[in-house]
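Single-letter residue listing:
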Amino acid sequence: MDKLIPVVVIKEIEDTEKILSALKKNGIDCAEITFRTSCAEEAIKLACSKFPDMNVGAGTVINSEQCEKAIAAGAKFIVSPGLSAGVAGVCKKHNLPYYPGCVTPTEIMAALELGITTVKFFPANIYGGLKALKALSAPFPQIKFIPTGGVNRDNLEEFLAFDKVAAVGGSFFVDEALNK
């Protein structure tokens, strides 16, 4: 798994190549393209075609239908803001990693029951940040976290230093890459 997962919002399909090229130029070979825009599916397809060596996934996937579209477009992993049993089922059927948003013990237990051991912790800054991750990892030592939301250049290394953090996500990677 990549340690840095840029959260990429593509508003215009023409921006896909520019953004992914900038990420690659900055040594980042991963992109979570969000399903927040009308061109998300097309952007994932284009990204997978133009950048086959990059780990391109779909983010903000909130139902099975979006998940199927993302996978058909070529997504190599799926991320959701919350936990969806339907999305988990589609990912399992296609043997793709699924990282659902889980911030409470109940959500983590539900993820474990679905066989999921790596979860998105979103929004990390609102739900207690690194302190919360350390507290949650005590009863759930088998869980790895991907904190997103409030992760930035100032606290990135602190998050990555914690052994229960599989990766960190954030849109700031895109801003940095485009501004270099």
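Model, not experiment: these values are computed from the prediction.

Student: Would you mind going over a negative patch on the surface with me for this structure?
Tutor: A contiguous patch of negative charge on the surface is contributed by Glu12, Glu14, Glu41 and Glu42. Mapped onto the fold, glutamate 14 is located in the loop between β1 (4–8) and α1 (15–25).

Student: I'm lost on the packing of aromatic side chains in this one. Help?
Tutor: Ring pairs (aromatic) are described by centroid distance and by the angle formed between their planes. In the structure shown here, the tally under the stated rule is three aromatic pairs. Here phenylalanine 77 and tyrosine 99 contribute two aromatic rings whose centre-to-centre distance is 6.2 Å and whose plane-to-plane angle is 50 degrees, an arrangement assigned as tilted. Highlighted residues: phenylalanine 77 in the loop between α3 (64–73) and β4 (78–79) and tyrosine 99 in strand β5 (residues 98–99), separated in sequence by 22 residues. With a relative accessible area of 12%, tyrosine 99 lands in the buried category.

Student: Got a minute to help me understand the pattern of salt bridges in this structure?
Tutor: Proximity of charged atoms lets side chains of opposite charge pair with each other. Summed over the entire model, instances satisfying the criterion amount to six salt bridges. The partner of glutamate 17 in a salt bridge is lysine 50, and the shortest N-O contact between them spans 4.0 Å. Here glutamate 17 is found in helix α1, whereas its partner lysine 50 is found in helix α2 (residues 40–50), with 33 residues between them in sequence. According to the relative accessible area criterion, glutamate 17 is partly exposed, its value standing at 37%. Residue classification places lysine 50 among the partly exposed positions, given a relative accessible area of 45%. For glutamate 176, the salt bridge is made with arginine 153, and the minimal N-O distance between the two is 2.5 Å. With glutamate 176 in helix α8 (residues 172–178) and arginine 153 in the loop between β7 (144–147) and α7 (156–161), the pair connects residues that are 23 residues apart, well separated along the chain. One network of salt bridges, in which partners are shared, links Lys24, Asp29 and Asp53.

About the cut-offs
- Residues numbered from 1 in each chain as written.
- Predicted model: local features only at pLDDT ≥ 70, side-chain atom pairs only at ≥ 80, totals over all residues.
- Heavy atoms only, no water.
- Patch = residues over 30% accessible without salt bridge, like charges linked within 9 Å, V, L, I, M, F, W, Y side chains within 5 Å.
- Areas by Shrake-Rupley, 256 points an atom, 1.4 Å probe, with all protein chains shown as cover.
- Salt bridge = Lys/Arg side-chain N within 4 Å of Asp/Glu carboxyl O.
- Lys, Arg positive; Asp, Glu negative; His and termini not counted.
- Charge placed at Lys NZ, Arg CZ, Asp CG, Glu CD.
- Helix = DSSP H or I, 4+ residues; strand = E, 2+ residues; numbered from the N terminus.
- Phe/Tyr/Trp six-rings, centres within 6.5 Å; stacked < 30°, edge-to-face > 60°.
- Buried < 20%, exposed > 50% of the residue type's maximum accessible area, 1.4 Å probe, protein only.

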